[in-house]
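In case you want the letters, here they are:
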Amino acid sequence: MSFTEQDLREQLVDVMLKMAARGLNKGTSGNCSVRCGEGMLITPSGVVPDALTPQSMVFVDASGAAAEGGLAPSSEWRMHKGLLDRRPDAQGVVHCHSHYATVLACAHRPIPSVHYMVAVSGGPTIEIAPYSMFGSAELAEAVIETLDGRFACLMANHGQIALAPNLGRALAIAEQVEEQAAVYWGTLAIGGPQLLTGEQMADIAAAFGRYGQPKRRPKDA
Ligand SMILES: [Zn+2]
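Everything quoted here is computed from the prediction, not taken from an experiment.

This paragraph deals with the pairing of strand β4 (residues 92-96). Taken residue by residue, a regular strand's side chains alternate between the two faces of the sheet. Within β4, five of the five residues are buried, leaving the element largely enclosed by the surrounding structure. Neither face of β4 is left uncovered, since the one carrying G92, V94 and C96 and the one carrying V93 and H95 both have all their residues buried. Of the pairings in the sheet, the one linking β4 to strand β7 (residues 159-164) comprises five bridges and is antiparallel in character. Pairing of C96 across the sheet is with Q160, part of β7.

Our focus in this paragraph is the nonpolar core. By size, the foremost hydrophobic cluster in this structure holds 59 residues, and its most contacted members are V143, C153, A162, A170 and A174. For this core, the element with the most residues is helix α5 (residues 167-189), which contributes eight residues.

What follows covers the sheet that holds strand β6 (residues 152-155). The mixed open sheet is built from seven strands, whose spatial order is β3-β2-β1-β4-β7-β6-β5. Two strands close off the open sheet at either side, each with one partner strand: β3 (58-60) and β5 (128-129). Of the strand pairs in this sheet, strand β1 (residues 31-36) and strand β2 (residues 39-42) are connected by four bridges, and their pairing is antiparallel. Paired with C36 across the strands is G39, a residue of β2. In the packing of helix α1 (residues 5-21) onto the sheet, contacts are made with β1, β2 and β4, and the angle to β1 comes to roughly 160 degrees. Where helix α3 (residues 99-106) meets the sheet, it contacts β5, β6 and β7, and its direction lies at approximately 115 degrees from that of β7.

Moving on: the pairing of β2. Connecting the antiparallel pair β1 and β2 is a turn made up of two residues, with G37 showing a positive phi of about 60 degrees. For β2 and β3, the ladder comprises three bridges, and the chain directions are antiparallel. Within β3, the position partnered with M40 by the bridge is V60.

Okay, α5 next. Along its 23 residues, α5 runs 34 Å from first to last C-alpha, staying within 8% of the 33 Å computed at 1.5 Å per residue. Those residues of α5 that sit buried are L167, A170, L171, I173, A174, E175, Q176, V177, E178, Q180, A181 and Y184. Contact partners of the buried residues in α5: α1, β1, β4, α3, β6 and β7. G191 occupies a position one or two residues after α5 and carries a positive phi of about 105 degrees.

Turning our attention to the packing of α3 against α5. Contact geometry of α3 with α5 gives a least axis separation of 7 Å together with a crossing angle of 60 degrees. Between α3 and α5, the crossing angle belongs to the class labelled oblique. Crossing geometry of α3 relative to α5 is assigned as left-handed. Residues Y100, A101, V103 and L104 of α3 form the contact with α5, whose own contacting residues are V177, E178, A181, A182, Y184 and W185. Residue composition of the contact of α3 with α5, by class: nine nonpolar, no polar and one charged.

Moving on, we come to helix α6 (residues 198-210). Compared with an ideal rise of 1.5 Å per residue, which puts 13 residues at 18 Å, α6 spans 19 Å between its outermost C-alpha atoms and is within 8% of the ideal. In the segment just after α6, G212 is the residue with positive phi, at about 115 degrees.

A few words now on unusual backbone geometry. The phi dihedral of D148 is positive, around 45 degrees, even though this residue is not glycine. With respect to the helices and strands, D148 occurs in the loop between α4 (137-147) and β6. Backbone geometry places N157, a non-glycine residue, at a positive phi of 55 degrees. Here N157 shows up in the loop between β6 and β7.

Cut-offs used in this document
Residues numbered from 1 in each chain as written. Predicted model: local features only at pLDDT ≥ 70, side-chain atom pairs only at ≥ 80, totals over all residues. Buried ≥ 20, exposed ≤ 12 C-beta atoms within 10 Å, placed from the backbone. Helix = DSSP H or I, 4+ residues; strand = E, 2+ residues; numbered from the N terminus. Pairing = 2+ DSSP bridges. Core = buried A, V, L, I, M, F, W, Y, C linked by C-beta atoms within 7 Å. Contact = placed C-beta atoms within 7 Å. Axes fitted to C-alpha atoms, helices over the stretch in contact; angles between N-to-C directions. Expected span 1.5 Å × (residues − 1). Parallel < 35°, antiparallel > 145°, perpendicular 65-115°, else oblique. Left-handed = near helix turned anticlockwise from the far one by under 90°. Nonpolar A, V, L, I, M, F, W, Y, C, P; charged D, E, K, R; others polar.

Written out as structure tokens, the structure reads:
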């Protein structure tokens, strides 16, 4: 499905409102972006979700220049642009400081194979990108390297980030990362988790590849 630029602007507002409503974000801390032509649309810097409109989203072109006359883009625009440039499989990127993911990120504890839904991240664990200053090119590079083809990671002393073939899916992954962070945190409070094995996680990854509604064969149509 292809979306118009207006559709994409509306999707960004919708994701920011959902993140706030679902407790993934507080205040102005989260941001999200979506590929748009040769550039991207990204949430503006320092605007609370309730005040966002489709027109307040900022277009950043392929050279990294923001559209003139508009708001300044999120301070994390380099990280979003770097991800979209280097991950052609990604259309949308969601970043937030959700509570439990941030607790683990501040304790430098990656999420191990604690539950089968960890595999939603695209791997058997959810790793942590090393700390760099927010908004820096170094942080963008650290996140890209840590993701290593996966869909989500924690960011040391900062939060989490998720990407996907569409913005709604990126939000769903970020929500699941937060859920798994909460589950892992909870197990640490009662003696630690009993982890799934590498073989079990590989089976889960294979099953996720088959998950969903079966495609109709022509004779069923
Ligand atoms: Zn942040």
